[in-house]
Amino acid sequence: MLTKDILNVTFQKMIERRRMTMEYGFLSLLPPLVAIGMALITKQTILSLLVGLWVGTTIICGWNPIEGLPTMISDYFIPKVGNEGNAGMLMLITACGGFVYMFKASGAGKAFGDMITGTVKTRKSAQLLTYFGAFAFIFTEPTLTLGSVMRPITERLRVSRVKLAYICDVMGCPFATLSPITSYSSYATGLIAAGFTALAITDNAWMTFIKAIPFNFYAIFGMLALLFVIIAGVDIGPMYEAEKRAVETGQLIGENDVPMTKYDLDEEVMFAGKNITKLNFLLPLGALFFTLLATIMWTGDAGTNGVGGAFRNCNITLSISLAFLIGAFASGICGARSKIFGFKDIMGQITHGIALNTDIPLILVLAWSVGGVTGTMDLKGYIVHLVEVSNIAPGIMPMVIFIVGAFVGFSTGSSWGVWAITMPIALPVAAQFGIPMELMIGACLSGGVFGDHCSPISDTTILASTAAGADHIQHVRTQLPYSLTVGSCSAVGFLIGGMMTPTIGLIATAVLITIALLAMNKYASKKYGKIQDVPVGA
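Residues numbered from 1 in each chain as written. Predicted model: local features only at pLDDT ≥ 70, side-chain atom pairs only at ≥ 80, totals over all residues. Heavy atoms only, no water.

## Re the confidence of the model for the chain
For the chain, the average pLDDT comes to 82, and 87% of its residues sit at 70 or higher. When mean pLDDT is compared element by element in the chain, helix H13 (residues 217–232) scores highest at 94, while helix H1 (residues 2–21) scores lowest at 45. In the model, residues 6–11 has pLDDT below 50 throughout and makes zero contacts with residues more than four positions away in sequence or in other chains. This stretch, residues 17–21, has a pLDDT under 50; its non-local contacts, to residues over four places away or in other chains, come to eleven contacts. (pLDDT = per-residue confidence, 0-100. Helix = DSSP H or I, 4+ residues; strand = E, 2+ residues; numbered from the N terminus. Contact = heavy atoms within 4.5 Å.)

Written out as structure tokens, the structure reads:
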């Protein structure tokens, strides 16, 4: 018996040693590529992630699929759920599910619609309100809150759910990357400071980050392109088709779409004869924002750090989660006051909303697990190695950093991970060859955001689908033409910026994106036919 135990322990150590020492090379690409490929083909997000994860653990376990199956749970599922940051995100998603459902079920959406009916009368104005509404959340990613608040009015004015998801996604990660008071900027500044220390550079890391903001081409032009699309109505590709269907038929999702949220309620029946007032909208939102700001000040120690410091040092996940929970209970009180349901039903209504959202935490855990597998297989190291052995001219390094970062971000669904591997490469190259430091930093940030923004396994992409109640794969499919347009033009901009000057690269990017969007909109109009405006209610 003792001999058997010794053999088992020895065998387990051999497995661990094999996993730690094996170099996977191009095999490290397989898990994310399988997951992404299956998702785009089958439109089954959970199944695709599960298969991609299993492929990865099978390779790690010496091509043993039987051993790979329990390894998914023991080495990835459980550790990912147990991670404090991930657990906080799951709590946030859970609280969001309760709030979004209660916000809708309590008549808040109807009250909001009634309030702004005289002001917001067109699809364009609804989209612009959503766009500029994000600036109220400059201290964080506004994806979930923005979609939750704006969805009732965008639905009323026939804005497709994938269009709302696109707006929420662009005003999420890319927007947060540009804000100097988010966790994104703090993280990026920390990486810059570490690089400067290693290179004995005495420049202020925070000021360098601020100077690099104009050269974060993808984030800046992603937002400007979205604004141009909204104002000029230049939808392209499958988004044009989705918007045409929404405008002409009122169908906000495709016939075979599977929305990430299931909050569709028969409002005409639910709210008939109910006393729904402005309070149904204002009280929950007021409670949400008061709780959010109060918790930010408390967790960020505003007394010591000041207001600005509190935003930079707060526990934003806790702040948003608590705000959603308090907002959900405030919505419940308003719903009971309006006699839509009883006071005793408030908790049941909240848990019902949470239950409708149970697939989203599973998708997030699977996406994190796939990222964990690629970490074990050192996907990032493999891609960095490919760059190092390519003997690339210094002038094109900003473009190379951007493209490599985009590919890693797309494969892993993480922008922060991209920055962690590209920043230590970019800063020494900039210092050694005289490339503008701000341009190289902008390339690092842009590459990560571009890849993250395109990836169906990115948590921010998943959150955008959730906020808008859109089919996740359709959100990725309809957003991709915009992302690829801005991304490819940004790559050209980084090339020109590295070979000539950053300012010329900036101008070139803007011109190319404008021309590309106008040309593709013209093509979409010919392919799908001109959108015929139909009055709302027709």
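## Observations concerning the pattern of salt bridges
Applying the stated criterion across every chain yields a total of seven salt bridges. Two residues, Glu 243 and Arg 123, come together in a salt bridge whose shortest N-O distance is 2.6 Å. Residue Glu 243 is found in helix H14 (residues 237–249), and its partner Arg 123 is found in helix H7 (residues 123–133); the two are separated by 120 residues along the sequence. Judged by its relative accessible area of 0%, Glu 243 falls in the buried class. Here Asp 345 and Lys 344 are joined by a salt bridge, their closest N and O atoms 3.4 Å apart. (Salt bridge = Lys/Arg side-chain N within 4 Å of Asp/Glu carboxyl O. Buried < 20%, exposed > 50% of the residue type's maximum accessible area, 1.4 Å probe, protein only.)

## Quick notes on unusual backbone geometry
Negative phi values dominate among residues other than glycine, just as trans dominates among peptide bonds. Even without being glycine, Trp 63 reaches a positive phi, approximately 65 degrees. Within the secondary structure, Trp 63 is located in the loop between helix H3 (45–60) and helix H4 (65–82). Trp 63 gets classed as exposed once you look at its relative accessible area, which sits at 51%. Non-glycine residue Arg 158 carries a positive phi angle of around 60 degrees. Along the polypeptide, Arg 158 turns up in the loop between helix H8 (143–156) and helix H9 (161–170).

## Details of H7
The complete set of buried residues in H7 reads Arg 123, Ala 126, Gln 127, Thr 130 and Tyr 131. On an axial view of H7, the arc spanned by its buried residues comes to 135 degrees, and they lie on one face. (Arc of directions from axis to C-beta.)

## Let's talk about the environment of Val 429
Tracing the backbone shows Val 429 in helix H23 (residues 415–433). With relative accessibility at 14%, the residue Val 429 sits in the buried group. Linking Val 429 and Met 440, residues eleven residues apart in sequence, is a C-alpha distance of 8.6 Å. With residues up to four places along the chain from it excluded, the contact list for Val 429 reads Met 397, Gly 434, Ile 435 and Met 440.

## Examining the packing of helix H20 (residues 359–376) against helix H25 (residues 459–468)
At a minimum axis separation of 10 Å, H20 and H25 run at an interaxial angle of 165 degrees. Overall, the two elements H20 and H25 adopt an arrangement that is roughly antiparallel. Of the two possible hands of crossing, H20 and H25 adopt the one that is right-handed. For the pair formed by H20 and H25, the contact residues are Ile 360, Ile 363, Leu 364, Ala 367 and Trp 368 on the first element and Asp 459, Ile 462 and Thr 466 on the second. When its residues are assigned to classes, the contact of H20 with H25 shows six nonpolar, one polar and one charged. (Axes fitted to C-alpha atoms, helices over the stretch in contact; angles between N-to-C directions. Parallel < 35°, antiparallel > 145°, perpendicular 65-115°, else oblique. Left-handed = near helix turned anticlockwise from the far one by under 90°. Nonpolar A, V, L, I, M, F, W, Y, C, P; charged D, E, K, R; others polar.)

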